[in-house]
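Reading the structure
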Amino acid sequence: MNLKTSTWDGVMIKHIYNGDCIANASNLSDESVDLMICDPPFGIGEATFDKHYARGKGKVIDGYQEAPDDYALFSKNWMSEATRVLKPNGSMFIIIGHTNLRHVLNAAAELGLYEINHAIWKYNFGVNTKTKFVTSHYHVLYYAKNEKNRTFNLNCRFGSQEKDNSGGSLLFQDIEDVFYIKKEYSNGKQRNKNKLPNELIQKIIMYCSNEGDTVVDFFLGNFTTACVAKSLGREHGGFEINKLAYEVGCKRLEEIEYGQRLKEMPKVVNINPTNQGSPLTEEDKDKICLRFAEMRLLEKYTVAKSNEKLQVEFGRGKFSIVNILKDKERVLKAEKKVFSLTREKESGEQDLAEMEPQ
Ligand SMILES: C[S@@+](CC[C@H](N)C(=O)[O-])C[C@H]1O[C@@H](n2cnc3c(N)ncnc32)[C@H](O)[C@@H]1O
């Protein structure tokens, strides 16, 4: 067995090991990991998967290590090491198919982990069947050592006010426990079997860890967790028993710039509507229309920008502002007021200028 750690970017020591995660877990100290994301072999003969998915032989990395026959013991062994290295406020995600789900659920209960969510990842490309329904989901189990004290960054991807074209809350849709995420096409790249989509891992990492946190995966496979974690500015580590997959993965990881994805992502605008729910008086509506007229006529903001600024200034939600501005008469009155105030101010300034000695 070839066990080694890598220090390739010279800045931080990454705990990436080529070896069995159970036998080598002692390389990681107790309570040192903020987030574990583990996608173990499912015990369903994954070695034959390339036949189902018609992948070209040359594109699949050989040497995938399947789970041992005793899946219950295997789950208990790796999960107790994962629990040991998890910080008291850390979170653990396990991605698993239905066949051996019960063994993972039993081990988690025995280890005293809190089940925060039992989510479903709904994917495309299920294997076609003629005598039963097509399986097109995996289970995404979200555990923590402490039910209350853990990271959950509610607005990491969407602001509370962001809506889709039909007025549905984007945030609510994003935090529902069925994740509709497509599997990735391989684009001709060489891959281990069963690569998870970057999108799924990115979602978990963003919600359940912070920049600089340590994210570990006991079954690195294609190094999806490590690569996404690095690109999101998280420390990353893990194990992969297959030497070939380990080598391809290390190369992939090397090409990623630490924090690169963070730079590309748009900033979430989260407006906290502090006055939401409190009644709106006629005077409040006049004030909002007056500020809107000032922003449009004097400060030259677009309608969208003005709306955003009004939400912040008046602590109201986006749709409350939109409804107030639908009152065209009130807006027109406010615009006239802004015009006359501006004119008054300008003529006052002119009078002053005329009074000044030449
Ligand atoms: C389901 S795949 C992980 C795929 C990975 N999440 C990805 O997105 O690429 C499971 C991986 O665990 C590796 N593996 C199996 N048993 C292992 C063990 N005891 N220790 C470390 N790696 C193991 C397999 O070789 C395989 O690459």
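Keep in mind the model is a prediction, meaning the values are calculated, not measured.

Description of the confidence of the model for the protein chain
- Looking at the protein chain, pLDDT values average 88 and 89% of them are 70 or higher.
- Contacts for the low-pLDDT stretch residues 1-13, under 50 throughout, to residues beyond four places or in other chains number 19 contacts.

A word on the nonpolar core
- By size, the foremost hydrophobic cluster in this structure holds 56 residues, and its most contacted members are Met-36, Ala-82, Phe-93, Val-140 and Ile-205.
- With 10 residues, the next largest nonpolar core counts Met-295, Leu-310, Ile-321 and Val-338 among its residues.

Structural notes on the packing of helix α10 (residues 303-314) against helix α11 (residues 318-325)
- Contact geometry of α10 with α11 gives a least axis separation of 9 Å together with a crossing angle of 115°. Where α10 crosses over α11, the two elements pack in a sense that is right-handed. Along its contact with α10, which presents Asn-307, Leu-310 and Gln-311, the element α11 presents Lys-318, Ile-321 and Val-322.
- Each residue belonging to the contact of α10 with α11 can be placed in one class, and the counts come to 3 nonpolar, 2 polar and 1 charged.

Points about helix α6 (residues 224-231)
- Burial analysis of α6 places 8 of its 8 residues in the buried class, the great majority of the element.
- Looking at α6, one finds that the buried residues are Thr-224, Thr-225, Ala-226, Cys-227, Val-228, Ala-229, Lys-230 and Ser-231.
- Remark: Gly-233 follows α6 within two positions and exhibits a positive phi of approximately 70°.

Looking at unusual backbone geometry
- If you check the backbone angles, Glu-31 has positive phi at about 45° while not being a glycine.
- Classification of Glu-31 by C-beta neighbours within 10 Å gives partly exposed; the count is 14.
- The phi torsion at Phe-223 lies on the positive side, around 65°, for a residue other than glycine.
- Take Phe-223: it is sitting in the loop between β7 (214-217) and α6.
- Take Phe-223: there are 26 C-beta atoms within 10 Å of it, and that puts it in the buried class.

Some details on the site of the ligand
- Taken together, 20 residues surround the ligand, and among them Asp-39, Phe-219, Gly-221, Asn-222 and Thr-224 come closest.
- In the shell around the ligand, the residues fall into 9 nonpolar, 7 polar and 4 charged.

With respect to the sheet that holds strand β1 (residues 15-18)
- Strand order across the open sheet formed by 8 strands is β1-β8-β7-β2-β3-β5-β4-β6, with mixed pairing between neighbours. A strand with exactly one partner marks an edge of an open sheet, and here the two such strands are β1 and β6 (178-180). Across the sheet, the mean angle separating the axes of adjacent strands is 20° when strand polarity is ignored.
- Pairing of strand β2 (residues 33-38) with strand β3 (residues 86-96), which is carried by 5 bridges, proceeds in the parallel orientation. Looking at β3, one finds that Cys-38 is bridged to Ile-94.

Re helix α5 (residues 198-208)
- By the burial criterion, the buried members of α5 are Leu-200, Ile-201, Lys-203, Ile-204, Ile-205 and Cys-208.
- Buried residues along α5 sit against β2, β3, β4 (114-122), β6, β7 and α6.

Notes on the packing of helix α2 (residues 71-85) against helix α3 (residues 101-110)
- Between α2 and α3, whose axes approach to 9 Å, the crossing angle comes to 40°. One finds that α2 runs oblique with respect to α3. Of the two possible hands of crossing, α2 and α3 adopt the one that is right-handed. In this structure, α2 uses Tyr-71, Ala-72, Ser-75, Lys-76 and Met-79 to contact α3, whose residues at the interface are His-103, Val-104, Asn-106, Ala-107, Ala-108 and Glu-110.
- Taken together, the residues that form the contact of α2 with α3 break down as 6 nonpolar, 3 polar and 2 charged.

What counts and what doesn't
Residues numbered from 1 in each chain as written. Predicted model: local features only at pLDDT ≥ 70, side-chain atom pairs only at ≥ 80, totals over all residues. pLDDT = per-residue confidence, 0-100. Contact = placed C-beta atoms within 7 Å. Core = buried A, V, L, I, M, F, W, Y, C linked by C-beta atoms within 7 Å. Buried ≥ 20, exposed ≤ 12 C-beta atoms within 10 Å, placed from the backbone. Axes fitted to C-alpha atoms, helices over the stretch in contact; angles between N-to-C directions. Helix = DSSP H or I, 4+ residues; strand = E, 2+ residues; numbered from the N terminus. Left-handed = near helix turned anticlockwise from the far one by under 90°. Nonpolar A, V, L, I, M, F, W, Y, C, P; charged D, E, K, R; others polar. Near = placed C-beta within 6 Å. Pairing = 2+ DSSP bridges. Parallel < 35°, antiparallel > 145°, perpendicular 65-115°, else oblique.

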